[in-house]
Structure formats: structure tokens, C-alpha cells
Amino acid sequence: MNSSILIDISQLRIGMYVQLDLNWLQHPFPVSSFRVGSADQIATLRELGLREVRYVPGKSDPQWRDPAAPVFDEPETAGVLVPDAGVGTVPEAATPAVDPEIERRRRLLDAQNRALAVCNQRFADATRQYQALERVVSDHPGQARSKGDALVSGCVSDVLENGDSVIRLLSEGVGERSGLHAINVMVISLLLGRSLGMKSDELNDLGIAALIHDIGKTRLPPNLRNPTASMPLMERARYETHVAESVALVRRMGYGDAVLTAVGRHHEMADGSGFPGRLAGAELGRMSQVLALVNRYDRMCNPANGLDALTPHEALSVIFAQHKSRFDAVVLGAFIRMMGVYPPGSIVQLVNDRYAIVASVNSSRPLRPKVIVHDPKVPKEEAPILDLESVPELGIRRSLKPSQLPREALDYLSPRQRICYFFERAVPPEADGAGA
């Protein structure tokens, strides 16, 4: 039903679904397969110098789904200049029309790469700052506090000044491994806190609590720092003491009750199933509720045993479908609205059957994320980030596990073994080039 046929460019009409046999830098459209929606698009295709175009009847508007349907000699699109139909004729204006667009695409790709590099670097620097804090906290808690305050205050200022923020998936292997969880939880907690209306002082306390919530694990043997389903009861009990150890270190660092409380309750659940106090509901406090949810989400995406990892979409789905009672309803609702149905790092299939990885989500417009699409015609290092908000007809059909991808798509998209996030200022679509 979705097979394609070649037609003369003069036969192209609005409503036909086309597939361009060109790579990303050879045409100005956001994607290479789309339904023609305007006379301007037809004019642009003609200016590319194409003599034929591949059209897919099965995906076209109803009047064009029959390949044998009559095609009128006169173009139906007012204002479109039809090139001379002589064999071998190529419009003289083809080259000038393509060059500026190719240059624009190259500039856009460079800008995308620079923005990602900045986020990667900021995240990596933050993990190193956390490591430095962790190294001195036992012997010099005051120094540790200074390092934590400096890191968190900078992030809080950025979050508040950004307006809308983009939650960005980072490159594989970025940052120091021992600091990944702390920085992930801090970044997401700050964004969630802001979406819940927290102001500067409260965000600062939340950021500190998120950064050092597990600091007490430094006092546990390495083999007891991450729980497993088969962990003996005595070892599980020792693991759970990391909460009290964390509170003790946080108190020595000189932090106040708000930070101490959030750290001490980051494993408590709204239904009373958490530890160490089996607290429930309103007893937890808003900061503790945020921290408990974000901590759980990151552990599901980035467990100690990578084989147990869930994709971000799976983690969000499991939390909502199976563990909703464990989290405050207001906090969970805000988290889902912020992260979107397909958080960054999710593997998806688009409605045009292409495979993609979600690269970023605008926290104020989470249902239309930006994605990197598998396109065999484009080298993976040149793959553009496609803004689904700029292509309304192109949406996400479903989420996939990496194991469900064909081998070539898996190699191209390179799903992350560890999911790491940072944030950047959201740029309006018209400012970054629609279709970016």
C-alpha cells in the first residue's frame, strides 16, 4: 500500500505524499518524506531542478491514492512557474536556489553541535565539582559546603533566568561516573521545583538536598551502596543506613532544617512504603516529594546493573501505571507535564515509520520534542535535530526498546547506556530556524 512511483515533476499536486531521493543538505525541507501542503512547496521542489519525484499513493490525500488517477495538464497551484517540459531541461535558477539553503543547514548543524558541546561541558564540570565536594566532606565539611553552594547557586540562577528551559540529552560517556546520579537528580529537581512555583531560596535548598542526598554512601562499603533484589536482609538494612549517614554529614556541613529534612526523607513514599520512617502523604513535605520522585526516576533509567535499565519512556510509564500511589499526585503530574510522554533519551518510531531518539524537550511544550531521525542518506555525525513542533503532520507513533531497532538504526542513533541531562535556554522556533 505504501509503495512509491516516480512521476514527472509537472504532475505534482498538493496532497501528494513525496519521498525525496536527496540527503539533508540538498533540500530545504525539515524531512525528506512529507505530504505536499502548499504551492510554495511545489515551487521549491521545481527550483531544485528535479525532473521526477517519488510519490507514495498510500500516504497521500484520498484523491491521489489511486496511482492511475488522472493528473491534469495545467498545474492547479496558482503562481507556480512550471519549467519547460523538454527532455533534459534543468531550470537555470536551480544552483542559486540550493546554495543558500545548504549554507543555512550547515550553520544550523554547527549551532546544534556547539549547543550540545556547551551542555556536555557544563555537566562534566558539575560532576567534577561534586567529586571535589565528596572528597573533602568527611574531614572538611565547611569546604564541602562552599563547593556545593557555589555549584547549586549558579544552576539556580540559570534556571530562573532562562524562562522556558530545554531538557537536553547529553552525549554518551560525559562526566565523571561517580557524580552522574547527583548531578542528574539536581538538574531535574531544580526544573521540577521551578515548574511547581518554587522561588529562589526554596530552589536553592532543593538543589543542595538533591546534590548531596546520597553523600552518606561514602561511609558504606562499595558493595552495599546500591541495593539489589537478592540482597540479604542484613545487607539491605546496612544499605538503608546511608540516609542517616547522609543526614549526619549534611548537619556537619551546617545546612538548615529544610535541607536536612529533604535529605532524610528522599526514600520516603507517599503511600508509606518507603524508609527509614515509613512516613506518608503530607508528612513528607514538597521538597522531599520532589526528591523522592526524581531519585526514583533516575535510578530506573540508570541502575547499578545496566541490564536492568529502562528507557526514559518506560520509566515514566512504569511510575505512572504501577507506582502512582507512591508519589504525590501534584508533583507527579507536574513531572509528567515537564518531561513529556517521551522524555529525552526515549527511542521512538515516527508516524512515517522512521526511527528516532528524543534529543530534547522544551519543558513548556513537552508534547512536540526535538528528535534525531535515522536517515541512511545522512552520515550520523551530520544528523540534524528535527523540531516536531515545526512539522505538525509528523508525530510519534510509539516508543521502542533499543533491542527492537534494526541494526542499522541502532548503530546510527546510539541509544545511551546512561541517561544524563542538562538544561539550556529554550529558543523560539522562529529564532533557531524552523525545522531545526
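Computed from a predicted model, the values in this text were never measured in an experiment. (Residues numbered from 1 in each chain as written. Predicted model: local features only at pLDDT ≥ 70, side-chain atom pairs only at ≥ 80, totals over all residues. Heavy atoms only, no water.)

**Things to note about the overall build of the protein**
We count it as follows: Numbered from the N terminus, helices here are DSSP runs of H or I no shorter than four residues, and strands are runs of E no shorter than two. Relative accessibility under 20% of the residue-type maximum defines a buried residue, over 50% an exposed one, and the middle range a partly exposed one, all with a 1.4 Å probe and only protein chains included. It only takes one pair of heavy atoms within 4.5 Å for two residues to be counted as in contact. Computed with a 1.4 Å probe, the accessible areas rest on the Shrake-Rupley method; for each residue, only the protein chains presented here act as cover.
A count of helices and strands for the protein gives 13 helices and 11 strands. The buried share among the 436 residues of the protein stands at 49%. Within the protein, residue pairs in contact and separated by at least 24 positions form 71% of the contacts whose partners lie at least 6 positions apart. For the protein, the accessible area works out to roughly 19,700 Å², and carbon and sulfur atoms hold 52% of it.

**Details of the confidence of the model for the protein**
Operational definition: Residue-level confidence of the predictor, termed pLDDT, takes values from 0 up to 100.
With 89% of its residues at a pLDDT of at least 70, the protein reaches an overall mean of 87. pLDDT under 50 marks residues 72-98. Its contacts with residues more than four places away, or in other chains, come to 37 contacts. Under a pLDDT of 50 for its full length, residues 429-436 has, in the predicted model, 19 contacts with residues more than four places off or in other chains.

**Overview of the packing of helix α4 (residues 180-195) against helix α11 (residues 329-339)**
Selection rule: For every element, the axis is a line fit to its C-alpha atoms; helices are fit only across the contacting stretch, and the angle between N-to-C directions ranges from 0 to 180 degrees. Orientation labels follow simple angle bins: below 35 degrees gives roughly parallel, above 145 gives roughly antiparallel, 65 to 115 gives roughly perpendicular, and whatever is left gives oblique. Throughout this entry, Asp, Glu, Lys and Arg are counted as charged residues, while Ala, Val, Leu, Ile, Met, Phe, Trp, Tyr, Cys and Pro are counted as nonpolar. The remaining residues, Gly among them, count as polar.
The interhelical angle for the contact between α4 and α11, taken along N-to-C directions, is 110 degrees, at an axis separation of 10 Å. The angle between the axes of α4 and α11 places the two elements in the roughly perpendicular class. Here α4 contributes I188, L191, L192 and S195 to the contact with α11, which in turn contributes V331, A334, F335, M338 and M339. For the contact of α4 with α11, a count of residues per class yields eight nonpolar, one polar and no charged.

**A short note on the pattern of salt bridges**
Stated formally: Between Lys or Arg on one side and Asp or Glu on the other, a salt bridge is scored when a side-chain nitrogen of the former is within 4 Å of a carboxyl oxygen of the latter.
With the rule as written, the count across this model stands at 17 salt bridges. Note that R145 and D149 form a salt bridge whose closest N and O atoms lie 3.3 Å from each other. Highlighted residues: R145 and D149, both in helix α3 (residues 141-161), separated by four residues, approximately one helical turn. The closest approach of N and O atoms between R219 and E245, which form a salt bridge, is 3.4 Å. One end of the pair, R219, is in the loop between α5 (200-212) and α6 (233-240); the other, E245, is in helix α7 (residues 242-252), with 26 residues separating them in the sequence. Among the residues examined, R219 registers a relative accessible area of 32% and is labelled partly exposed. One connected set of salt bridges, linked through shared partners, spans K59, D353 and R397.

**Focus: the environment of D61**
By the element assignment, D61 lies in the loop between β4 (52-55) and α2 (94-136). Separated by 44 residues in the primary sequence, D61 and Y17 place their C-alpha atoms 7.8 Å from one another. Beyond its immediate chain neighbours, meaning those up to four positions away, D61 contacts G15 and R35.

**Comments concerning the nonpolar core**
So the rule is basically this: For our purposes a nonpolar core is just a set of buried Ala, Val, Leu, Ile, Met, Phe, Trp, Tyr and Cys residues, chained together by side-chain atoms within 4.5 Å.
Membership of the largest hydrophobic core comes to 81 residues, with the highest contact counts inside it found for I183, M186, L192, L211, I212, Y297 and F335. Considering every element that reaches this core, the biggest residue donor is α4, with 10 residues. Each residue touching F335, except ones within four places of it in the same chain, is listed here: I188, L192, L293, V294, Y297 and L316. In terms of nonpolar packing, the next biggest core, distinct from the first, is built from 30 residues, L48, Y55, L350 and A356 among them.

**Side note on the sheet that holds strand β1 (residues 5-8)**
Short version of the rule: Any two strands between which DSSP finds at least two bridges are classified as paired.
Taken together, four strands build an open sheet; the order of strands is β1-β4-β2-β3 and the sheet is antiparallel. The open sheet is flanked by β1 and β3 (33-35), the only strands paired with a single partner. Averaged over all pairs of adjacent strands, the angle between their axes in this sheet comes to 40 degrees, without regard to strand direction. Note: β1 against β4, four bridges, orientation antiparallel. Each bridged residue has a counterpart across the sheet, and for L6 the counterpart in β4 is R54.

**Let's talk about the packing of aromatic side chains**
Keep this limit in mind: Aromatic pairing here means that ring centres of Phe, Tyr or Trp (its six-membered ring) are within 6.5 Å. Orientation follows from the plane angle: under 30 degrees is stacked, over 60 is edge-to-face, and everything else is tilted.
Considering all chains together, one arrives at four aromatic pairs under this definition. Between F123 and F422, the ring centres sit 6.5 Å apart and the planes meet at 85 degrees, which makes this aromatic pair edge-to-face. With F123 in helix α2 and F422 in strand β11 (residues 421-425), this residue pair connects regions lying 299 residues apart in the sequence. An identical accessibility class is assigned to F123 and F422; each is buried.

**A look at the pairing of strand β5 (residues 165-169)**
Burial analysis of β5 places five of its five residues in the buried class, the great majority of the element. Covered by surrounding structure in β5 are S165, I167 and L169 together with V166 and R168, the residues of both alternating faces. Pairing of β5 with β11, which is carried by five bridges, proceeds in the antiparallel orientation. Within the sheet, the bridge partner assigned to V166 lies in β11 and is E424. Bridge count for β5 against strand β7 (residues 355-362) is three bridges, and the pairing is antiparallel. By the bridge assignment for β7, I167 is matched with V361.

**Here's the deal with the pairing of strand β8 (residues 370-373)**
Burial along β8 is one-sided: the face carrying V371 and V373 is buried and the face carrying K370 and I372 is not. Of the pairings in the sheet, the one linking β7 to β8 comprises four bridges and is antiparallel in character. Counted as the bridge partner of S360 is K370 from β8. Relative to strand β9 (residues 385-387), β8 is paired through three bridges, and the arrangement is antiparallel. Paired with K370 across the two strands is D387, which belongs to β9.

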